[in-house]
Amino acid sequence: MKTEAVVLRSIRYGEADRILHVYTPMRGKLSAIAKGVRRSKSRFGGRLEPFFRLNLELHEGRSELMTVTGAETISAYTTLRADERALNGAARACDSLGRVFDSGEPHPEVFNLLCSALTLLDQNPEKATDEFQVAFRLKLLLAAGFAPQLAACASCGEVEELVGFSPAAGGVICASCEAGSFELDGETHRFLTAALASSLAQTPSADRRVISLADRAVSETAAHHGQVRFKAIA
Ligand SMILES: [Zn+2]
């Protein structure tokens, strides 16, 4: 088969091989072995490294592990690759994606989200902020169908006096429904709403306290509704 793919992880295997974890638009997350890739004369060159966007040719054998038979670079994201912040940001985004979308289900919109995140970090390495990570995770949750409800009380629908966040209810909570919730102030509520609604490039900035509270809302929602454990952001 032929597919576009982004390399999420590339693990040394044996003397000269690599095992790749890649994300594809129509087959979700796949694993494939690239043989002889660490020899200096490998026809794959250095392109089977994390965050390369590739056109891959894969041979599907009987095992779950496919074999890479061809690879062409679509984008190497060379600026990202030369910037430690951006590299770290890309690694964290790929880690988050792999935790929410761990299967072979098709999610072309998630593939596009990943490519736009990599393009953004390549063009603006300084965008690799904690706010960016929270916004990226919110968009993953949206694609997975469990984005937090932010417009009205997740329990009763009230739109005024939203004072808390309930991971179990899956969103913000009003003063009369606050059982099982933690306090969420207006500033953090506005940050979450803006981060979910805007493009990654337009992610608003926020102070440490807001980021940490927003991270808690996102992480606990993911844990409660998707059995997903994100790594701590801050
Ligand atoms: Zn309520």
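One numbering rule holds for all chains: residues counted from 1, following each sequence as written. Whole-chain, interface and lining totals are the exception, using all residues; otherwise, since this is a predicted model, local features are given only for residues with pLDDT of at least 70 and side-chain atom pairs are given and counted only at 80 or more.

Attention now goes to the packing of helix α3 (residues 108–123) against helix α4 (residues 130–144). Interaxial distance between α3 and α4 falls to 10 Å at its minimum, and their mutual angle equals 170°. The angle between the axes of α3 and α4 places the two elements in the roughly antiparallel class. Residues Glu109, Val110, Leu113 and Ala117 of α3 form the contact with α4, whose own contacting residues are Phe136, Lys139 and Ala143. Ten residues, namely Ala, Val, Leu, Ile, Met, Phe, Trp, Tyr, Cys and Pro, are considered nonpolar, four, namely Asp, Glu, Lys and Arg, are considered charged, and the remaining ones, Gly among them, are considered polar. Tallied by class, residues from the contact of α3 with α4 come to 5 nonpolar, no polar and 2 charged. Interaxial angle, 0 to 180 degrees, is taken between N-to-C directions of lines fitted to C-alpha atoms, where a helix line uses only the stretch in contact. Counting from the N terminus, the helices are DSSP H or I runs at least four residues long and the strands are E runs at least two residues long. Under this scheme an angle from 65 to 115 degrees is roughly perpendicular, one under 35 degrees roughly parallel, and one over 145 degrees roughly antiparallel; angles in between are oblique. By the convention adopted here, residues are in contact when the distance between their C-beta atoms, placed from the backbone, does not exceed 7 Å.

This paragraph deals with the domain arrangement of the protein chain. The domain architecture assigned to the protein chain consists of domain 1 (2–78) and domain 2 (80–226). How far each domain reaches was decided by an automatic or database domain assignment. Each of domain 1 and domain 2 has a C-alpha centre, and these two points are 29 Å apart. Secondary-structure elements contributing two or more residues to the side of domain 1 that touches domain 2 are β1 (2–13), β2 (17–24) and β3 (28–34). With 3 residues, the single largest contributor to the side of domain 1 that touches domain 2 is β3. Across the side of domain 1 that touches domain 2, the residue classes break down as 9 nonpolar, 3 polar and 3 charged.

What follows concerns the sheet that holds strand β5 (residues 66–75). The strands making up a sheet are joined through hydrogen bonds of the backbone, oriented either antiparallel or parallel. Here 5 strands make up a closed barrel; going around it, the order is β1-β2-β3-β5-β4 and the pairing mixed. Taken pair by pair, the neighbouring strands of this sheet meet at an average axis angle of 45°, ignoring direction. At least two bridges found by DSSP between two strands is the condition for calling them paired. Of the strand pairs in this sheet, β1 and strand β4 (residues 53–59) are connected by 5 bridges, and their pairing is antiparallel. Along β4, the bridge assignment pairs Lys2 with Glu57.

Moving on to the nonpolar core. To form a nonpolar core, buried Ala, Val, Leu, Ile, Met, Phe, Trp, Tyr and Cys residues must be joined through C-beta atoms within 7 Å. Comment: burial labels come from other C-beta atoms within 10 Å of the residue's own C-beta, placed from the backbone, where a count of 20 or more is buried, 12 or fewer is exposed, and between is partly exposed. Val6, Val7, Val22, Ala32, Leu118, Ile173 and Ala214 are the most contacted members of the largest nonpolar core, which totals 69 residues. Built from parts of two domains, this core gets at least three residues from each of domain 1 (2–78) and domain 2 (80–226). Ignoring anything within four residues of it in the chain, the contact list for Val7 reads Leu20, Val22, Leu48, Glu49, Pro50, Phe51, Phe52 and Leu54.

Time to look at unusual backbone geometry. Positive phi, normally seen in glycine, also occurs at Glu161, with a value near 55°. For Glu161, the position within the fold is in the loop between α4 and β6 (162–166).

It is worth spelling out helix α6 (residues 208–226) at this point. Counted at 1.5 Å a residue, the expected span for α6 with its 19 residues is 27 Å, and the 26 Å between its end C-alpha atoms agrees. Considered for burial, the residues of α6 that qualify are Val210, Ile211, Leu213, Ala214, Asp215, Ala217, Val218, Thr221 and Ala222. Considering only its buried residues, α6 is in contact with α4, β6 and α5 (186–197). Gln227 sits one or two residues past α6 and shows a positive phi near 50°. For a helix, the expected span equals 1.5 Å multiplied by the residue count minus one.

Attention now goes to the environment of Ala152. Among the structural elements, Ala152 can be located in the loop between α4 and β6. In this structure Ala152 comes out as partly exposed when scored by C-beta crowding, with 15 C-beta atoms within 10 Å. Ala152 sits 79 residues away from Thr73 along the chain, and the two C-alpha atoms are 45 Å apart. Excluding its chain neighbours within four sequence positions, the residues that come into contact with Ala152 are Gly157, Glu158 and Val159.

Inspection of the sheet shows β6 paired to strand β7 (residues 171–174) by 4 bridges, in the antiparallel sense. Pairing of Leu162 across the sheet is with Cys174, part of β7. Counted along the chain from β6 to the antiparallel partner β7, the turn is 4 residues long, and its residue Gly170 has a positive phi close to 85°.

To continue, consider α3. With 16 residues, α3 should reach 22 Å at 1.5 Å per residue; the first-to-last C-alpha distance of 22 Å fits that figure. Those residues of α3 lying buried are Val110, Phe111, Leu114, Ala117, Leu118, Leu120, Leu121 and Asp122. Packing partners of the buried residues in α3 comprise β1, β2, β4, α1 (78–81), α2 (84–100) and α4.

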